[in-house]
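Here are the chains, one letter per residue:
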Amino acid sequence: MMIANLTDPPLRGMLIRMSPWAPLRPCTWPACLSLAIVGDSRCPQHVELRRRTRRADDHARRRLDAFYQSRAWRALRVRVLREQPLCSRPGCATPSSDVAHVIPRRARPDLALDRDNVRGLCHACHSAETARRESWHRQ
Ligand SMILES: [Zn+2]
Ligand SMILES: [Zn+2]
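Residues numbered from 1 in each chain as written. Chains lettered and ligands numbered in written order. Predicted model: local features only at pLDDT ≥ 70, side-chain atom pairs only at ≥ 80, totals over all residues.

## Concerning the overall build of the chain
Inference 1: A count of helices and strands for the chain gives five helices and two strands.
Inference 2: Counting across all 139 residues of the chain, residues that qualify as buried make up 9%.
Inference 3: When contacts within the chain are restricted to residue pairs at least 6 apart in sequence, long-range pairs at least 24 apart make up 37% of them. (Helix = DSSP H or I, 4+ residues; strand = E, 2+ residues; numbered from the N terminus. Buried ≥ 20, exposed ≤ 12 C-beta atoms within 10 Å, placed from the backbone. Contact = placed C-beta atoms within 7 Å.)

## Things to note about helix α2 (residues 44–64)
Inference 1: The terminal C-alpha atoms of α2 lie 31 Å apart, and with 21 residues this matches the ideal 30 Å at 1.5 Å per residue to within 8%.
Inference 2: Of all the 21 residues making up α2, zero are buried; the element is thus mostly uncovered. (Expected span 1.5 Å × (residues − 1).)

## Regarding helix α4 (residues 71–83)
Inference 1: With 13 residues, α4 should cover 18 Å at 1.5 Å per step; its first-to-last C-alpha distance of 18 Å lies within 8% of that length.
Inference 2: A small share of α4 lies buried, amounting to one of its 13 residues.

## Section: the confidence of the model for the chain
Inference 1: Confidence in the prediction of the chain, expressed as mean pLDDT, is 83, and 81% of residues score 70 or more.
Inference 2: Within the chain, helix α1 (residues 9–18) has the poorest average pLDDT of any element, 53, and α4 the best, 97. (pLDDT = per-residue confidence, 0-100.)

## Considerations on unusual backbone geometry
Inference 1: For A31, which is not a glycine, the phi torsion comes out positive at approximately 70°.
Inference 2: With respect to the helices and strands, the residue A31 is situated in the loop between α1 and α2.
Inference 3: Exposure remark for A31: the 9 C-beta atoms within 10 Å place this residue in the exposed category.

Given below as structure tokens:
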């Protein structure tokens, strides 16, 4: 029997299940033959690609969300950026460019426009926080 068409997803999935403790597994990206990095299902190149794609998705979602287009949110955003010109994450002194909810809007929509529930963050800290929050949700 021929084993080795590793680009065949069902077969590759089966091989991966057969060896759950193997330290090096093939990247799960279709037709990629590189090895996945430890602790992830993809090779470095595809981990990076996934990260970039997710960030683009995030921006698109935000642009389409009527809440972020509303006059009330925009006014609050301007106010927060004026009050917190520097990123509010401790130890970070980068100018704020993003305004983020402390308690996510999904969890407390009633606090979406509460001044105490929003703070200014730089873009890097905001992205890092969003990524961390999403990875909690996935677990
Ligand atoms: Zn890959
Ligand atoms: Zn920052």
